[in-house]
Protein chains: 4
Amino acid sequence: MTDTAELPEPPDDWRPDNPRPAGWLTPEDLAVVRAQLPLVYVDAVPVRVDESGDVVAVGLLLRMGPRGLTRSLVSGRVLYHERIRDALLRHIEKDLGPVALPQVPASPQPFTVAEYFPTPGITPFHDPRQHAVSMAYVVPVGGDCRPQQDALDLAWLTPEEACSDVVQAEFQGGRGVLVKQAMAWVGRLA
Amino acid sequence: MTDTAELPEPPDDWRPDNPRPAGWLTPEDLAVVRAQLPLVYVDAVPVRVDESGDVVAVGLLLRMGPRGLTRSLVSGRVLYHERIRDALLRHIEKDLGPVALPQVPASPQPFTVAEYFPTPGITPFHDPRQHAVSMAYVVPVGGDCRPQQDALDLAWLTPEEACSDVVQAEFQGGRGVLVKQAMAWVGRLA
Amino acid sequence: MTDTAELPEPPDDWRPDNPRPAGWLTPEDLAVVRAQLPLVYVDAVPVRVDESGDVVAVGLLLRMGPRGLTRSLVSGRVLYHERIRDALLRHIEKDLGPVALPQVPASPQPFTVAEYFPTPGITPFHDPRQHAVSMAYVVPVGGDCRPQQDALDLAWLTPEEACSDVVQAEFQGGRGVLVKQAMAWVGRLA
Amino acid sequence: MTDTAELPEPPDDWRPDNPRPAGWLTPEDLAVVRAQLPLVYVDAVPVRVDESGDVVAVGLLLRMGPRGLTRSLVSGRVLYHERIRDALLRHIEKDLGPVALPQVPASPQPFTVAEYFPTPGITPFHDPRQHAVSMAYVVPVGGDCRPQQDALDLAWLTPEEACSDVVQAEFQGGRGVLVKQAMAWVGRLA
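Residues numbered from 1 in each chain as written. Chains lettered and ligands numbered in written order. Predicted model: local features only at pLDDT ≥ 70, side-chain atom pairs only at ≥ 80, totals over all residues. Heavy atoms only, no water.

Undergrad: I'd love a proper account of helix H5 (residues 175-185) of chain C, names of residues and values included.
TA: All names here are of chain C. With 11 of 11 residues buried, H5 lies mostly within the body of the structure. Looking at H5, one finds that the buried residues are Arg175, Gly176, Val177, Leu178, Val179, Lys180, Gln181, Ala182, Met183, Ala184 and Trp185. Phi for Gly187, located one or two positions after H5, is positive at around 80°. (Buried < 20%, exposed > 50% of the residue type's maximum accessible area, 1.4 Å probe, protein only. Helix = DSSP H or I, 4+ residues; strand = E, 2+ residues; numbered from the N terminus.)

Following this line, the structure appears as structure tokens:
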């Protein structure tokens, strides 16, 4: 996470040890672009559903950041020539492991679009590194999920817990609001 | 299907041999209500998806009606004190059998609402028996699907085939339009 | 509001002094139907938007109910042979007056469907009188709005105020949750 | 339109004579970025609605391209530090003039996301210049619309006409499919 060492939460996916598909930028190029263009992102809210499709739990990652422990969602860039649904699958596998068995939605219509600005206060969403436009999806996962790479833990919380003030205070950049928007959309906002 | 013998396509679920949960109406009562109130319906478009969630096939039922063979979707009433998602599950099991393994959407937001009027031409949807307001969902099914009861066959068509003029002509009451709306919403309209 | 005198909040529109279009039920018939069928409803969340479409205020009605003052939304039944968009217009005119200049959404896709059950706890929504399935829409109004009939006041609150604990406590039947879902959907949930 | 002279349809907004806000790229820089990153776009489908919000006409631009006349929508890039709703307003003013009186939707949820790939066939959408991820909105316009800049004409077609084979053949890059998706979403697909 070389290029984001000083940042509160790194939703990006570049890492020195990762293979770089065609179209990936060097950290230097990415830094230049980030100051000039909005980047295309996806946010996935992983959920467990019961047999009737009702959301019973939300999967939140716990990461150690420069300011302490933070909760986060599955999130990351859409690469050049990558479909949104393939980006969702790649980031879910990266964060939850290869046997999470995600059910990527059939429709590209997101439940919302989160606009992360480098300036706080324009929208509820903030990313000091960049302007990211993130299409957000609720993704039921049916398999075994294990936190990968830099995540310390993956916790399954009830919708009520995930929307509680205590848990909401553990998010950064407005991602707690995104969880509440997701729970509102699935009819599970308290 | 006593109360619908003269009708082109019976999306209702009352049958003499069915158990009647509390709140079910007699055919006589239902006939009275149908002339005075809109009824709450659900329409489900059963689909097969690939591992990235992309729709690859649409499941269409083939039924014998008074005017010949017609294609139809999974459709039916929402009962008193029944959740929409439970109505979807009940109708999918009724039409596709008990091991279809449907993934009922996590959100109650339908992709559209089809308003079936007894008078043709007000909307694209028409039901000579009643005014039905139907919330429509795309439902991926992962298991074995077998046509039940009065359906002769269940055919899996590609989105292109399902939207073709030939297949569209085999629907009644505007249900072909609903299939096209579903394919438009999942990004598979030709 | 004869048939609902003992009830906490009457989202229905039948009144002895109202003209009855064809298909309206007598209070007695409606009482029978309410115990046997879900009714089709619409909920409208009236909002003021700025010139870029961003929601800046939510219009909440203040009504005197049997348990004191309560906040409410624009809400009511869809009548036999009435389109959803016509029901929205009718209820908005009924509650906000004839010059509210509502912008009814172009799409029938609601931001959510609120399922009001006579039994509390099945969903966040509860209506002791009936099972109502309500398609919910955010409706920008550009004109002059005046509370009509039984409403004492119409107050324009910021999204933050409308979602605050104090205001949320003034709703009944889960309608406060519906306001929060609406604000989540327009990106204005705090 | 220096950097797109050889391209079938230029949905981009860079022009030599335009003022360049901070964050705009030179044509050279944009060309480099276009080969490495997906760009954030918006598509707006301008519509006329009747007093109940029902779509009665679709506004299509007529442009002269290298291969002849083509129909197009209002479309363009989202700039660095620009909100989606401000990008929609800017592109609508650019293409339809300053008094179109657009009603930008209250919610950031698009009716679909169109993924334009430089390689044809991956999705219905194709842009030989770049990979663009475009959030698509239906935007009612109430004012006077006049084609601006490089557009020859703005024609208001009924939904049926806009979805007809003749008109569909006049679009490029899949934008005709996007119009059909929009009409499906508003309930006006034939």
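Undergrad: How would you summarise unusual backbone geometry if you had to cite specific residues and measurements?
TA: Backbone geometry places Leu101(C), a non-glycine residue, at a positive phi of 50°. With respect to the secondary-structure elements, Leu101(C) resides in the loop between helix H2 (84-96) and strand E5 (112-116). Despite not being glycine, His81(D) shows a phi value in the positive range, around 70°. Turning to its location among the elements, His81(D) is positioned in the loop between strand E4 (74-77) and helix H2 (84-96).

Undergrad: Pulling in residues and values, what's your account of the pattern of salt bridges?
TA: Summed over all chains, the structure comprises 44 salt bridges over all chains. Each member of the salt-bridge network shares a partner with another, and the members are Asp54(A), Arg83(B), Arg85(B) and Asp86(B). (Salt bridge = Lys/Arg side-chain N within 4 Å of Asp/Glu carboxyl O.)

Undergrad: Tell me about the nonpolar core, and please be specific about residues and values.
TA: Counting residues in hydrophobic clusters, the biggest one holds 140 residues, and the most contacted among them are Met183(A), Met183(B), Met183(C) and Met183(D). Setting aside residues up to four positions removed in sequence, Met183(B) forms contacts with Val45(B), Val47(B), Val55(B), Val58(B), Pro159(B), Cys163(B), Arg188(B) and Leu189(B). (Core = buried A, V, L, I, M, F, W, Y, C linked by side-chain atoms within 4.5 Å. Contact = heavy atoms within 4.5 Å.)

Undergrad: Explain the interface of chain D and chain A to me, and be specific about the residues and the numbers.
TA: With 35 residues of chain D in contact, the opposing surface of chain A contributes 35 residues. For the pair chain D and chain A, the summed buried surface comes to about 3000 Å²; carbon and sulfur atoms form 66% of the total. Between chain D and chain A we count zero salt bridges in total. On inspection of chain D and its partner chain A, the count reaches eight residue pairs in polar contact (both at pLDDT 80 or more). At the level of secondary structure, the elements contributing two or more residues to the side of chain D that touches chain A comprise helix H1 (27-34), strand E1 (39-49), strand E5 (112-116) and strand E6 (132-140) of chain D. Residues belonging to the side of chain D that touches chain A are distributed by class as follows: 22 nonpolar, seven polar and six charged. (Buried area = accessible area lost by both parts, 1.4 Å probe. Polar contact = N/O pair within 3.5 Å; in protein donor to acceptor, adjacent residues only side chain to side chain. Nonpolar A, V, L, I, M, F, W, Y, C, P; charged D, E, K, R; others polar.)

Undergrad: Which residues make up the interface of chain C and chain D, and what are the values?
TA: Contacts between the two partners involve 20 residues from chain C and, on the opposite side, 20 residues from chain D. Summed over both partners, the interface of chain C with chain D comes to about 1500 Å²; 49% of that surface belongs to carbon and sulfur atoms. In terms of surface lost to chain D, no three residues of chain C exceed Ser52(C), Ala106(C) and Trp185(C), which account for 34% of the buried area on that side. Summed over the shared surface of chain C and chain D, the number is four salt bridges. Residues Arg83(D) and Asp54(C) are paired through a salt bridge, measuring 3.6 Å at the closest nitrogen-oxygen approach. Run the count over chain C and chain D and you get 10 residue pairs in polar contact (both at pLDDT 80 or more). For the side of chain C that touches chain D, the leading source of residues is H2(C), giving three residues. Tallied by class, the residues present in the side of chain C that touches chain D amount to nine nonpolar, six polar and five charged.

Undergrad: So what's going on with the environment of Arg90(D)? Which residues, and what values?
TA: Residue and element names in this part refer to chain D. Here Arg90 shows up in helix H2. Accessibility expressed as a relative area gives 23% for Arg90, which makes it partly exposed. In this structure, the C-alpha to C-alpha distance between Arg90 and Gly59, residues 31 residues apart in sequence, is 17 Å.

Undergrad: Please set out the relation of the copies chain C and chain D residue by residue, giving values where relevant.
TA: Note on the identical chains: chain C maps onto chain D by a rotation of 180° and an axial translation of 0.0 Å, with an RMSD of 0.0 Å. Expressed as an axis order, the relation between the two copies is that of a two-fold axis. Of the residues that chain C buries at the interface, 100% are likewise interface residues in chain D, meaning the two copies contact each other through the same surface. (Least-squares fit on C-alpha atoms with pLDDT ≥ 70 in both.)

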